[in-house]
Amino acid sequence: MNEEENAECEVQDENSSYDEEDPGLGRGSPCGHGVHWRLVYLCAFIALVLSCQGFLRSRGLSPDTSMEDEGRMNFISQAAGANVFFHSPTLEFLGESPALIQNPPTVVMSPFREELVAGSCWAFEGSVGRITVELPEPVSLESFAYRHISSDKNPNPAAPSAPRIIQVTGYVTADDYPMSGCVFGQFYFDPQAADGGAQYYDFYADCPAVRFVEFAVVANHGADYTCLYRLRLLGEPISKS
């Protein structure tokens, strides 16, 4: 700022006053003294964005890829001692032709990061189906992940057979199933946005430690059958709490 501009600003500072109704006007706006108000607006905007992201994640609408922790126990894996408690009928035929690969529902409990090939999934007819898993012990659940085959390995990159909405429900005992469960939420899976085919979701529902967990697909991306690849479930066993 040159001497002439500086002198003009000093005159404006003396003659202008702060406008309480519009903090963006009045004292010092032309000469930079109102910059702090711009910072206030910017900080408020950032806080609003972060708040919206948290709101979306709490409802499963925005996956949180930062929660992945490969060093923790996947409680839905067979290696951890989990077992399939109930599942929808396995799809054996697509029209008049056998499915390319007919897998049992336990395939979704295979190692989460193993190499996936097209068809290495558990398929059921239609867009609605479920699989319920008995955990090795009661667990206070924190998050889950779903992994579909990545688009670069999928013969149909649009992935119409991928689940679109997955509802997760927990049950304390077998006697509670299927009527008296605690719903952890409904979570949206977008195969086009998945990082390497996987998306991760935090649980925010106030549910007790559970022994049985149901993953219910309530919609897919348009196919007449649904194919589930891999599931991952994180939490803390109550024996350690």
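Starting from 1, residues in each chain are numbered consecutively following that chain's sequence as written. With pLDDT at 70 or above as the cut-off, local features in this predicted model cover only qualifying residues; side-chain atom pairs require 80 or more to be listed or tallied, and sums for whole chains, interfaces and linings still use all residues. Hydrogens are left out, water is left out, and the side-chain values use all remaining heavy atoms of the structure.

For the rest of this paragraph, the subject is the environment of S140. In this text, helices come from DSSP runs of H or I with a minimum length of four residues, and strands from runs of E with a minimum of two, each type numbered from the N-terminal end. Along the chain, S140 falls in strand β5 (residues 129–147). Distance from S140 to I238, taken between C-alpha atoms, is 6.5 Å for residues 98 residues apart in sequence. Whether two residues are in contact is decided by their heavy atoms, any of which lying within 4.5 Å being enough. Excluding residues within four positions of it along the chain, S140 makes contact with A209, G235, E236 and I238.

Assignment of secondary structure puts R147 in strand β5. For the pair R147 and A198, spaced 51 residues apart in sequence, the C-alpha to C-alpha distance is 3.9 Å. Aside from chain neighbours lying at most four places away, what touches R147 is F112, R113, E114, L116, G196, G197, A198, Y229 and R230. A polar contact is formed between the side chain of R147 and the backbone oxygen of F112, at a distance of 2.7 Å. A distance of 2.8 Å separates a polar atom in the side chain of R147 from the backbone oxygen of E114. Counting of polar contacts relies on pairs of N or O atoms within 3.5 Å, with two restrictions inside protein: one atom must be capable of donating a hydrogen and the other of accepting it, and residues adjacent in sequence are counted only when both atoms are side-chain atoms.

Each cavity reported here is a set of points on a 1 Å grid over the protein atoms alone in which a 1.4 Å probe fits but cannot get out, each pocket an open set with protein on both sides within 12 Å along at least five of seven lines, and each lining residue one with an atom within 4 Å of a point. Grid points are joined across faces, edges and corners, and a volume is the space filled by probe spheres set on the points. With the rule as written, the count across this model stands at one cavity of 30 Å³ or more. In this structure, the largest cavity occupies an estimated 40 Å³ of space. Lining the largest cavity we find H148, I149, S150, S151, N154, P157, A159, F189, P191, A194 and G197. Residues were grouped as follows: Ala, Val, Leu, Ile, Met, Phe, Trp, Tyr, Cys and Pro as nonpolar; Asp, Glu, Lys and Arg as charged; and all remaining residues, including Gly, as polar. Classifying every residue of the lining of the largest cavity by side-chain character gives six nonpolar, five polar and no charged.

Aromatic pairing here means that ring centres of Phe, Tyr or Trp (its six-membered ring) are within 6.5 Å. Orientation follows from the plane angle: under 30 degrees is stacked, over 60 is edge-to-face, and everything else is tilted. Inspection of every chain in the model, using the stated rule, returns 14 aromatic pairs. Pairing Y146 with F189 gives two aromatic rings, centres 4.9 Å apart and planes at 90°, and the pair type is edge-to-face. Placement of Y146 in strand β5 and of F189 in the loop between β7 (182–188) and β8 (198–202) is noted, with a sequence separation of 43 residues between them. Note on accessibility: Y146 and F189 belong to one class, buried. Here the aromatic residues F144, F184, F187, Y201, F203 and F215 are joined through ring pairs into a cluster of three or more. The residue whose ring lies beneath R232 is F112, and the NZ or CZ to ring-centre distance is 5.9 Å. Here the term buried applies to any residue with accessible area under 20% of the maximum for its type, exposed to any over 50%, and partly exposed to those in between, with areas from a 1.4 Å probe on protein chains only. Charge-over-ring placement is defined geometrically: NZ (Lys) or CZ (Arg) within 6 Å of the ring centre, and within 35 degrees of the ring normal.

By definition, a salt bridge exists where a carboxyl oxygen of Asp or Glu is found within 4 Å of a side-chain nitrogen of Lys or Arg. Tallied over the full model, the rule gives six salt bridges. Between E214 and R130 there is a salt bridge, and its shortest N-O distance comes to 2.9 Å. With E214 in strand β9 (residues 210–220) and R130 in strand β5, this residue pair connects regions lying 84 residues apart in the sequence. Judged by its relative accessible area of 6%, E214 is buried.

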